Amino acid sequence: MANFHSDAWAHAQVQRHLDFARTLYKPEQIVGVFCQGSTNYGLDIETSDFDSKCIVVPTFKEIALARKPVSTTHFLPNGEHCDGKDIRLYMETFRKQNLNFLEILFTKYSLVNAKYDWVWQDLIKAREDIAHMNPHRAVKSMKGVAMEKFHAMEHRYPTKVDIIDKYGYDGKQTHHLIRVDDFLTRFIAGESYESCMTPSACLIDELQAYKRHQIPLETARKRAGEVLEHVTTIADAFCESRKHEEDKYCRWLLEDVSYRIMRIATLEELCK
């Protein structure tokens, strides 16, 4: 890992985000808070902030009245965000095989509620299986992310206007595109998901240079075009050769873990 900030710093940020989440949800509702983003990939730089995902359990009243499951982004005072999501929804996101959601199964930086941790560990033990429960969907998802990052590279989103005006492009989007290409290439080659999480050593300096906008616009455009073409070629070839099948055991496991955690929370709430 080549993170600018230390592991101790990252663990402290998780605690800070958990403290923030406790101002939004009852402590017993929080399954856990998990780091998301560059810190998980060894691409944290001096200007990197810290974002998280917070998985929550619905109350018995919310279940009984069929209230819409929580899925919202909360902003900390410093602008960092904490994505709150109902456990039922998060289990469905695992099935979508999007690496931005699967990464919490592999992060070193998380805090899981002790009363649920023994159940959550069943997911951790099966994380490689879960991350490969539908390779066709996983590869298709990675291609979609790559296309999104390519088109966002020079798009003038309201929050990115200053960056585009200054550098001509958003280097963060470019670095994501290259990282996804590296991940996809190694995933198709059969590397473990955990291994793919950390970019190839030969790319680290380039990826961080893009994040720091040290690469000229024309060079970035050329690189991005070549990378997207490679992603499209290998992703399409893979999807044509593989059936769209989902591992039934993994789907059962996701449902079982969700059920058991909700059962613990509901029984405790009713007993009170």
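Just so we're clear, the structure is a prediction, and the values are computed from it rather than from any experiment.

## Some thoughts on the layout of surface pockets
A volume near 1200 Å³ is recorded for the largest pocket. Around the largest pocket sit 38 residues that line it, and Asp51, His81, Lys160, Lys172 and His176 are the ones nearest its centre. Listing elements by their share of the lining of the largest pocket, those giving two or more residues are strand 2 (51-56), helix 4 (99-102), helix 7 (135-152), helix 8 (161-167) and helix 9 (171-188). Per-element tally for the lining of the largest pocket: the top contributor is helix 9, with six residues. Split by residue class, the lining of the largest pocket holds 11 nonpolar, 15 polar and 12 charged. By volume, the second largest pocket is sized at about 160 Å³. Lining the second largest pocket are Lys26, Glu28, Gln29, Val57, Pro58, Thr59, Tyr116, Ala265, Thr266, Glu268, Glu269 and Lys272. The element that contributes the greatest number of residues to the lining of the second largest pocket is helix 13 (residues 248-271), accounting for four residues. Split into classes, the residues belonging to the lining of the second largest pocket amount to four nonpolar, three polar and five charged.

## What to know about the pairing of strand 4 (residues 81-86)
Walk down a regular strand and you will see the side chains alternate between the two sheet faces. Counting buried residues along strand 4, five of its six residues qualify, which places the element largely inside the surrounding structure. Bridging between strand 2 and strand 4 involves five bridges; their strand directions are parallel. Residue pairing in the sheet places Cys54 in a bridge with Gly84 of strand 4. Examined bridge by bridge, strand 3 (residues 71-75) and strand 4 share five bridges and lie antiparallel to one another. Looking across to strand 4, one finds that His74 is bridged to Cys82.

## Side note on the environment of Leu184
Relative to the assigned elements, Leu184 resides in helix 9. Given a relative accessible area of 0%, Leu184 falls into the buried group. Residues Leu184 and Ala146 lie 38 residues apart in sequence; the distance between their C-alpha atoms is 9.9 Å. Once residues within four sequence positions are removed from consideration, Leu184 is found in contact with Val139, Met142, Val231, Ile234 and Ala235.

## Description of the environment of Lys26
Examined against the element boundaries, Lys26 turns out to sit in the loop between helix 1 (7-21) and strand 1 (30-36). Each C-alpha atom of the pair Lys26 and Asp83 lies 16 Å from the other, and the pair is 57 residues apart in sequence.

## Some remarks on helix 1
In this model, helix 1 (15 residues) spans 21 Å end to end at C-alpha, consistent with the 21 Å of a helix rising 1.5 Å per residue. Within the sequence span of helix 1, burial applies to Ala10, Gln13, Val14, His17, Leu18, Phe20 and Ala21. One face of helix 1 carries all of its buried residues, which in axial projection span an arc of 160°. In the core, the buried residues of helix 1 are packed alongside strand 1, strand 2, strand 3, strand 4 and strand 5 (110-112).

Scoring rules and cut-offs
- Residues numbered from 1 in each chain as written.
- Predicted model: local features only at pLDDT ≥ 70, side-chain atom pairs only at ≥ 80, totals over all residues.
- Heavy atoms only, no water.
- 1 Å grid on protein atoms, 1.4 Å probe; cavity = no way out; pocket = protein on both sides within 12 Å on 5 of 7 lines; lining within 4 Å.
- Points joined across faces, edges and corners; volume = space filled by probe spheres on them.
- Helix = DSSP H or I, 4+ residues; strand = E, 2+ residues; numbered from the N terminus.
- Nonpolar A, V, L, I, M, F, W, Y, C, P; charged D, E, K, R; others polar.
- Buried < 20%, exposed > 50% of the residue type's maximum accessible area, 1.4 Å probe, protein only.
- Pairing = 2+ DSSP bridges.
- Contact = heavy atoms within 4.5 Å.
- Expected span 1.5 Å × (residues − 1).
- Arc of directions from axis to C-beta.

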